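The lines below spell out each chain.
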Amino acid sequence: MTPDTSGTKTRICPICEAGCGLRIRTTDRQVIAIEPNREDVFSTGHVCAKGIALKELDADPDRLRTPLIRRANGLQPATWNEAFALIESKLSQIRQAHGTSAIGTYIGNPTAHNIGLSMGLGVFASTLGSTQVYSAGSVDQLPKQLACELMFGNDMAIPVPDIERCDYLLMLGANPVVSNGSLWMVPKFRDKLRALHDRGGKLVILDPRLTETARLADQHYAIKPGADAWLLSAVINELRRLGAQIPNHYNAQGVESLFASLAQISSEAAALRSGIDIADIHAIAGALHTAKRAAVYGRVGTTLQQFGTLTSFLIEVINLLTGNLDRAGGAMFPEQAFATPTHSGSGLNYNRYQSRVSGYPEVLGQMPVVALSEEITTPGDGQLRALVCFAGNPVVSNPDSDRLAAALTKLEFMVCIDIYHTETSRYADVILPGTSPFEDSHYDSFLGAMGYKNTARYSPPIFPASSPSEWQMGLTLAYLIKQAAVPTPQALNAFEDDVVAAAVSRHVNDEQGPLFGRDVQEIIAAIGPDRGAERLLDLGIRAGRWGDHFGARNGLTLQQLIDNPNGIDMGALRPNRLNEVVRLKHSSINLAPQEILLEIGRLLAQPVTSGFQLIGRRNSQTNNSWLRNLPMLTKGRALSELEMNLEDARLLGVASGEWVQISTTTATVNVVVRTSNAIRRGTVSLPHGFSEDNELQQHRLTPGANYNRLVATSQIDGLSATAALNGLSVNISRASAAAPSRQH
Ligand SMILES: Nc1nc2c(c(=O)[nH]1)N[C@H]1C(S)=C(S)[C@@H](COP(=O)(O)OP(=O)(O)OC[C@H]3O[C@@H](n4cnc5c(=O)[nH]c(N)nc54)[C@H](O)[C@@H]3O)O[C@H]1N2
Ligand SMILES: Nc1nc2c(c(=O)[nH]1)N[C@H]1C(S)=C(S)[C@@H](COP(=O)(O)OP(=O)(O)OC[C@H]3O[C@@H](n4cnc5c(=O)[nH]c(N)nc54)[C@H](O)[C@@H]3O)O[C@H]1N2
Ligand code: SF4
Ligand SMILES: [Mo]
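These figures come from a predicted structure and were not determined experimentally.

I would appreciate a short explanation of the pairing of strand β25 (residues 659-663) in the present structure.
Here is the key point about a regular strand: its side chains alternate between the two faces of the sheet. Pairing of β25 with strand β26 (residues 668-676), which is carried by 5 bridges, proceeds in the antiparallel orientation. In the sheet register, isoleucine 662 faces β26, and the bridge partner there is valine 669. Between the antiparallel neighbours β25 and β26 lie 4 residues. With 4 bridges connecting them, β25 and strand β28 (residues 728-734) associate as antiparallel partners.

Please clarify how the site of ligand 2 should be interpreted in this entry.
Surrounding ligand 2, one finds 30 residues, the nearest of these being Asp207, Gly226, Asp228, Arg618 and Asn624. Note that an oxygen atom of ligand 2 is positioned 3.1 Å from one of the backbone N or O atoms of valine 300. Look at ligand 2: alone it shows 920 Å² of surface, and the protein chains cover 98% of it. Secondary structure elements with two or more residues in the shell around ligand 2: α6 (176-179), α12 (300-303) and β23 (612-617). Across the shell around ligand 2, the residue classes tally to 8 nonpolar, 16 polar and 6 charged. Residue-level mapping places the shell around ligand 2 at the junction of two domains, with at least three residues from each of domain 3 (142-334) and domain 4 (609-735).

Where do I start with the site of ligand 3 in this structure?
Near ligand 3 the following residues occur: Cys13, Ile15, Cys16, Ala18, Gly19, Cys20, Val47, Cys48, Lys50, Gly51 and Asn180. With respect to the detected pockets, ligand 3 is housed in the second largest cavity. Its residues assigned to classes, the shell around ligand 3 shows 7 nonpolar, 3 polar and 1 charged.

Got a minute to help me understand the packing of aromatic side chains in this structure?
To describe a pair of aromatic rings, you give the distance between the ring centres and the angle between the ring planes. Tallying each qualifying case throughout the model produces 9 aromatic pairs. Residues tryptophan 80 and phenylalanine 84 carry aromatic rings whose centres are separated by 5.8 Å and whose planes lie at 40 degrees to one another, so their mutual orientation is tilted. With a gap of 4 residues between them, tryptophan 80 and phenylalanine 84 both fall in helix α3 (residues 80-98), about one helical turn apart. With respect to class, tryptophan 80 is no different from phenylalanine 84; both count as buried. With centroids separated by 5.6 Å and ring planes inclined at 55 degrees, the aromatic side chains of phenylalanine 124 and phenylalanine 390 adopt a geometry described as tilted. With a gap of 266 residues between them, phenylalanine 124 in helix α4 (residues 115-128) and phenylalanine 390 in strand β17 (residues 386-390) connect regions that are remote in the sequence. We note that phenylalanine 124, like phenylalanine 390, is buried.

Which parts of the structure should I look at to understand unusual backbone geometry?
Trans is the prevailing form of peptide bonds, just as negative phi is the prevailing case for residues other than glycine. Despite not being glycine, asparagine 251 has its phi angle at roughly 55 degrees, a positive value. Along the chain, asparagine 251 turns up in the loop between α8 (228-241) and β12 (252-253). Residues other than glycine seldom take positive phi values, yet aspartate 400 does so here, at roughly 50 degrees. Mapped onto the elements, aspartate 400 comes out in the loop between α15 (394-397) and α16 (401-408).

How do you make sense of the nonpolar core when you look at a structure like this?
The nonpolar side chains of a soluble globular protein tend to be buried, and buried together. Formed by 94 residues in total, the largest nonpolar core has its most connected members in Phe152, Trp184, Leu288, Ile589 and Leu591. Apart from residues lying up to four places away in sequence, phenylalanine 152 is in contact with Ala157, Pro159, Leu325, Phe333, Leu578, Val581, Val582, Arg583, Leu584 and Ile589. Of all hydrophobic cores here, the second largest spans 65 residues; its members include Val430, Ile481, Ile523 and Ile527.

Looking at this model, I keep getting lost on the sheet that holds β17. Mind explaining?
Paired through backbone hydrogen bonds, the strands of a sheet run either parallel or antiparallel to each other. As summarised here, the arrangement of the 7 strands in space is β5-β4-β19-β18-β17-β6-β7, forming an open sheet in which the pairing is mixed. Each edge of the open sheet carries a strand with a single partner, namely β5 (74-77) and β7 (133-135). Neighbouring strand axes in the sheet, compared pairwise and without regard to direction, differ in orientation by 20 degrees on average. Sheet topology note: the β17/strand β18 (residues 413-418) ladder contains 5 bridges and is parallel.

Where do I start with the environment of alanine 294 in this structure?
By the element assignment, alanine 294 lies in strand β13 (residues 294-298). Residue class for alanine 294 comes out buried when judged on its relative accessible area of 1%. As for alanine 294 and asparagine 509, which are separated by 215 residues in sequence, their C-alpha atoms are 40 Å apart. The residues touching alanine 294, leaving out its near neighbours within four places in the chain, are Cys166, Tyr168, Leu288, Asn319, Asn324, Gly329, Gly330 and Ala331.

I keep staring at the domain arrangement of the chain and nothing clicks. Help me out?
Where interface size is quoted, it is often the accessible area lost as the parts come together. Assigned domains of the chain: these are domain 1 (7-59), domain 2 (68-130 + 385-433 + 456-571), domain 3 (142-334) and domain 4 (609-735). If you average the C-alpha positions of domain 3 and of domain 4, the two centres end up 27 Å apart. At the junction of the two partners, domain 3 supplies 25 residues and domain 4 supplies 25 residues. Taking both sides of the interface into account, the surface hidden between domain 3 and domain 4 amounts to around 1900 Å²; carbon and sulfur atoms contribute 57%. Put simply, domain 3 and domain 4 have 1 salt bridge between them. As a salt-bridge pair, arginine 209 and glutamate 643 come within 3.2 Å of each other at their nearest N and O atoms. The residue makeup of the side of domain 3 that touches domain 4, split by class, is 13 nonpolar, 9 polar and 3 charged.

Each value, and the rule that gives it
- Residues numbered from 1 in each chain as written.
- Chains lettered and ligands numbered in written order.
- Predicted model: local features only at pLDDT ≥ 70, side-chain atom pairs only at ≥ 80, totals over all residues.
- Heavy atoms only, no water.
- Pairing = 2+ DSSP bridges.
- Helix = DSSP H or I, 4+ residues; strand = E, 2+ residues; numbered from the N terminus.
- Near = heavy atom within 4 Å.
- Polar contact = N/O pair within 3.5 Å; in protein donor to acceptor, adjacent residues only side chain to side chain.
- Areas by Shrake-Rupley, 256 points an atom, 1.4 Å probe, with all protein chains shown as cover.
- Nonpolar A, V, L, I, M, F, W, Y, C, P; charged D, E, K, R; others polar.
- Domains from an automatic or database assignment.
- 1 Å grid on protein atoms, 1.4 Å probe; cavity = no way out; pocket = protein on both sides within 12 Å on 5 of 7 lines; lining within 4 Å.
- Sits in = over half its atoms within 2 Å of the grid points.
- Phe/Tyr/Trp six-rings, centres within 6.5 Å; stacked < 30°, edge-to-face > 60°.
- Buried < 20%, exposed > 50% of the residue type's maximum accessible area, 1.4 Å probe, protein only.
- Core = buried A, V, L, I, M, F, W, Y, C linked by side-chain atoms within 4.5 Å.
- Contact = heavy atoms within 4.5 Å.
- Axes fitted to C-alpha atoms, helices over the stretch in contact; angles between N-to-C directions.
- Buried area = accessible area lost by both parts, 1.4 Å probe.
- Salt bridge = Lys/Arg side-chain N within 4 Å of Asp/Glu carboxyl O.

Given below as structure tokens:
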């Protein structure tokens, strides 16, 4: 479809999980203005500064528009054919000499917000078939997904608070007023909170910082970083003392084993570890026990820590124990419109194989990023020699950045697909430029499973593509691997047809799916001949929960979403979905997986820490490591400051605006302090996503300190090996000034 470029268009913002509907005024190839789309059925007019700044991103001269190839004088512009030919010859050479496992993939966060890229990289990764798959998930949500995999046998069964009907919301380690929600699409959080208050409901926050969200809450408890599992265990024990029992209809197994294990954790110990009084712990349990409808929700503060999987598991245990899981006003399972065939098969997607060097467990088909450096630098069979990085910036977002950066220089070949120059792509041999978001379509295929209500929305491109779409890039990379040749346009089309046919076959062969036994050709014909990720999208929507099942009933098609640019609203979340989402034997929930019981043992043996603990936060002007260069967002702002308790600062002899030095076993970084009484003593907070890289500052990147230089890769969640980026023990001392920028 060729977009008409002038007028007002609707577009879903691709930056964060709020998924705001935008209205975009354009003339020719220019964005004139961006405003919220009040008619959007999901976001109902929400927007933030970042969504408005997409105008600048689209027009940004620094945004990459041509492929770059490394030559003697550095990264230089090249044609698409040159870039693909080089990638083909290098990857073929490496594969022939060292096997498929010498080639790895890194999947960055924006792939979750970019349908063409996520589907394209999916084709690439499955064609390549390497076990060396890394993603930002192991510096983010994998502990939560693993907890759901262990408990329900389904890593996508992620409960979200039913905020529109809930009376008591307990939130740990999340700051939706700034982040706009995560593993929970919840635009207009403030309005939803106001409505909760209007009906007499309460929001209670557990966070070491009095966050922007905590300021609007009814109660804030400044918990010590990393102590959530202690506190939640004590809450569970107290709930049981009050008489709470797991309702029979949940069909939960292992209840007694779990409770016997948790009973070893006393309220006294929990109070000592968490810094929250026993009376307050009991008050939280009491409120959860008496609330009509309650939900417990935890995010980055609970997953990026040493007990991330256990903490995520205990959160759902409370939702079960209070009878609030899977019921209106509690923690519910959204119904995603886009279907992928059910992965039936026995066993968990966990620890089926281990990483080569340190033996980390596989989680959902991925290796943890803490293994990345050592897999590149440790010689031997299976050594990682090439990396294809899709929309990620691991040198800033992954732990032990200096070590990772050094490891990347040892790769024989690296490709980055990115819209900007980054701290990571500076080591690439080829950079392929992603398109402007306005040249691409949008559909939330992954995040749609986590909406505060059930909707389906699609945005077509606003501007014609000036270069290959990211779907085509992924497809081309897959073709290079498969055929060891750069495809002609005809060959790429034929390959795309094969990909679509294979996807249709998977649906038709899925015994539990609605297309089981249908005719493959009939379905391919119904999808139509238009090229792009849209064919797979149409397939997934029509085979989905609300879909038309290709003529079998009235229901959703992609065409209907195109015809309804404000989205289609399927209404509030629906209860009683456990039968469908639980995929363990006998549809029972497993409350005592061996891994969890062992982890409780590890918690009990955890030494008590003293000294400063570093935690992260997000700021409203940037998104992880990007948007740092858009003047509308960052000009003149100090965004990379260390928040420190006033009393701690006084004892150190530093004032706001002065420099301190933070050091760990891996690095020393210098940062400016901002004193505050809104953070608990002993805890300091620094946003991630910045770096000291002086060369990139030519691209107007707002400077700052790279948090992740301070994190050792040994600092991990015990079960998923996700990096425990929060709750880091650090030394802090006065510094006279900024450290010199890091030279490369
Ligand atoms: N210390 C600390 N570290 C953290 C976190 C933390 O809380 N504390 N949070 C973690 C979390 S939750 C996450 S998700 C990770 C993120 O980790 P990564 O995904 O590795 O890093 P991002 O900074 O999101 O980098 C995204 C890159 O994609 C590019 N990009 C943006 N849009 C597109 C697009 O449409 N196409 C293409 N091709 N490229 C695009 C951007 O320019 C940027 O370079 O960071 C993690 N790191
Ligand atoms: N503006 C903006 N929005 C974003 C992003 C962004 O970079 N900028 N990133 C997006 C991404 S990729 C994600 S994953 C989401 C994340 O969404 P959120 O998880 O809501 O984001 P954070 O602001 O990192 O909130 C984490 C909170 O955990 C607290 N915390 C740290 N350690 C602990 C602990 O041990 N226990 C407890 N209880 N709390 C702790 C921190 O103080 C912080 O307030 O945000 C998304 N939205
Ligand atoms: S909250 Fe901001 S960044 Fe997130 S989707 Fe909405 S406009 Fe985009
Ligand atoms: Mo994230």
